[in-house]
Amino acid sequence: MLAVIAGPPLLAGIWLQHRWQTPTRAQITAWAEQPLTAGTIIAGCLAVAGLAWLLLLTHLTRRALAVLRRRLRRMRRPAVPTAAQMTASSMAGVVAFTLPTASVGHPQPLPAATDTPQPSDPARSDHHTDRPTQVEPPGVALPGGGWIPYRTAAAITALAAALWLQRRRHYRPDPQHPRDHHNDPDLQPLPDTVGTVADALTDDATGADRTPPPLLAQRLPDGVLLLTGPGAAASARGIIVEAALSNTSTVAVQSDDLAALLPPGDPVTPTIAELMTGAGNDAVAGTIIVLSEEPIAATHRWHVTTDGTATGPDLTEPRRLCTLDSQTTAALLTLIQRSKQPAPRANPPSKTAPRTPPAPRVQPATATQARLTLLGDCHLTADGEPVHLRRTASLQILAYLAIHPHGASRTELTHAIWPDLPPATISQRLHTTLADLRQQLRPLLSEDPINRHEDRYRLNARVISTDLHPWRTAVNAMTHAVGTTERDRACRAVIDLYRGEIAAEHTWHWVTPVREQTRRTVIDAYATRAEHADPDEALSLLQRATSIDPYSEALHHQVASLLRAGGDHVGAADLIKRLHQRVATVDTRGVDRSKFGSLPGYWHGTR
């Protein structure tokens, strides 16, 4: 490439310097009257080559400029954690931001408003950190109503990813009770809002609304802020959630207002009151949010419309606040509370505990059969040939029904596949997707790929088999195995069938709990086999288990113990050091863990 670009002008320059002489008018006239010669033809060819070189150089320059512009746009746009980053293996490098911590209860007295002059526009006091750049989307509109600023949505997604990482780090396999982890309390799905926000960010559906600019909770003015108007309650909820996500300052809400903002009788209400009120809460709140002036005089008054647009005397332009309904607020506050608590130990189920009902019996397959692979990847084949589905949602529907062998209702399917869209607008989309799927696969399978009974859809196991069926059979055998030999054989079968994370290449939010359930099951199998193996084989098995979950502290410490027992103290120390570095890299989000719990009764956005 360098020779093509630089070669012609270099050779031309050398020739011009040593051989070129400016022709006279008589020489030009004589050359034109002469017939064509070999030298004339060669000169014409060189001229054409020169023009071609100029065209090539122009094309390459335009391409280089286009690539440079795209890279500059990507550099200006902040990184967004996608649904694929909901798993810990893809969390490193997530960009974090800072919001204030919320406290709720009886607000502490503030200095007089005249003691601390307020800026003329609190939203503009640090516009370089608050106002989004031109390429940053303003926020995410929730299907059920409400609006979340872009940075707050990114923080919710990052918090959910950190919560899944916490559960992976703290899980301790039980070699005496290897089992299916479908009912583990800490592996249940997160609040629906998390999936809605993650899908909205992934689909880049945040750029439709561009005015007015958002105002995050950390830019609220100090003092007592009175919110009025039809959107006052919703925006107060949004401020509470934004403040609870981090830990740089405090926002106070009175107990009576809090009770009115959250669902009546919701379990999160007494929990918040217990954590955020009482003696010992000696921190001074920077901003007190009130919905009426009866208990305390307001120093700032903002009118908030239904969509969260705030106006007031100290705002030089309208700004949009985060708005949430009561159910969404309670769900997000519960999520934040869980992130501060240790992961519950997943104990073996008792004999009387409810078990997952067995999957429906698979009927004999017909001669023409498709194969849906989920472990390690997600793809569909028919007669050994890959099938490329016309709609992206079609493969996701097949995967969802394969993971849920008892079927799914219309509501469950639409909520899983399109969580960021209002349910009323996507019922027809589901019908269209299923019709297209049947039209494409029926000629290949001779039957419908999906059966429907009343309002439930099921994958037609007669014509589509999945690798999850033998996996479930092997896990069931491992769970009920009696004796060391039988259990070792069953664990070996589980290990052999595991090819990787379920649908590893896809970012579907609903698949994360199932991924973690299968990961724990195969780790149990490795730990059980290692329990009854000789030290060398046990070391090899546990090292393979750490490659499946490189964040598991229990597995790494077991491997380190075996290395030290074998005399490799340097290897053991290096293994634990790499684990700590890996976890520290993931947890670097601008969160000061040393402040966690330092202010009694206050929320802190620690992971």
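Just so it is clear, the model here is predicted, and its values are computed rather than measured. (Residues numbered from 1 in each chain as written. Predicted model: local features only at pLDDT ≥ 70, side-chain atom pairs only at ≥ 80, totals over all residues. Heavy atoms only, no water.)

(A) Summary view of the packing of aromatic side chains. Going through the model one piece at a time under the given rule, you end up with three aromatic pairs. When the centroid spacing of 4.9 Å and the interplanar angle of 80° are considered together, the rings of Y400 and W510 count as edge-to-face. Taken together, the positions of Y400 in helix α11 (residues 392–403) and W510 in the loop between α15 (484–497) and α16 (512–531) put the pair 110 residues apart, joining distant regions of the chain. Accessibility assignment for this pair places Y400 and W510 in one class, buried. Their ring planes at 10° and their centres at 5.7 Å tell us that W508 and W510 sit as a pair that is stacked. On the basis of relative accessible area, W508 is assigned to the buried category, the value being 10%. Judged by relative accessible area, which is 10%, W510 ranks as buried. Through pairs of rings, three or more aromatic residues link up here, namely Y400, W508 and W510. The ring of W164 carries R167 above its face, with NZ or CZ at 5.0 Å from the centroid. (Phe/Tyr/Trp six-rings, centres within 6.5 Å; stacked < 30°, edge-to-face > 60°. Helix = DSSP H or I, 4+ residues; strand = E, 2+ residues; numbered from the N terminus. Buried < 20%, exposed > 50% of the residue type's maximum accessible area, 1.4 Å probe, protein only. Lys NZ or Arg CZ within 6 Å of the ring centre and 35° of its normal.)

(B) Up close: the pattern of salt bridges. Considering all chains together, one arrives at 16 salt bridges under this definition. A salt bridge links D184 to R520; the nearest nitrogen and oxygen atoms lie 3.0 Å apart. With D184 in the loop between α5 (150–170) and α6 (192–202) and R520 in helix α16, this pair connects stretches of sequence that are 336 residues apart. Note on accessibility: D184 and R520 belong to one class, buried. As a salt-bridge pair, D186 and R520 come within 2.6 Å of each other at their nearest N and O atoms. Of this pair, D186 sits in the loop between α5 and α6 while R520 is found in helix α16, placing the two residues 334 residues apart along the sequence. For the pair D186 and R520, a shared accessibility class is recorded, and that class is buried. (Salt bridge = Lys/Arg side-chain N within 4 Å of Asp/Glu carboxyl O.)

(C) Spotlight on the packing of helix α17 (residues 535–548) against helix α18 (residues 553–565). Where α17 contacts α18, the two axes come as close as 9 Å, and the packing angle between them is 150°. The orientation of α17 relative to α18 falls into the category roughly antiparallel. Pair α17 / α18 crosses with left-handed handedness. Side by side, α17 and α18 meet where P535, A538, L539, L542, Q543, A545 and T546 of the first sit next to L555, H556, Q558, V559, L562 and L563 of the second. Of the residues that constitute the contact of α17 with α18, the class distribution is nine nonpolar, four polar and no charged. (Axes fitted to C-alpha atoms, helices over the stretch in contact; angles between N-to-C directions. Parallel < 35°, antiparallel > 145°, perpendicular 65-115°, else oblique. Left-handed = near helix turned anticlockwise from the far one by under 90°. Contact = heavy atoms within 4.5 Å. Nonpolar A, V, L, I, M, F, W, Y, C, P; charged D, E, K, R; others polar.)

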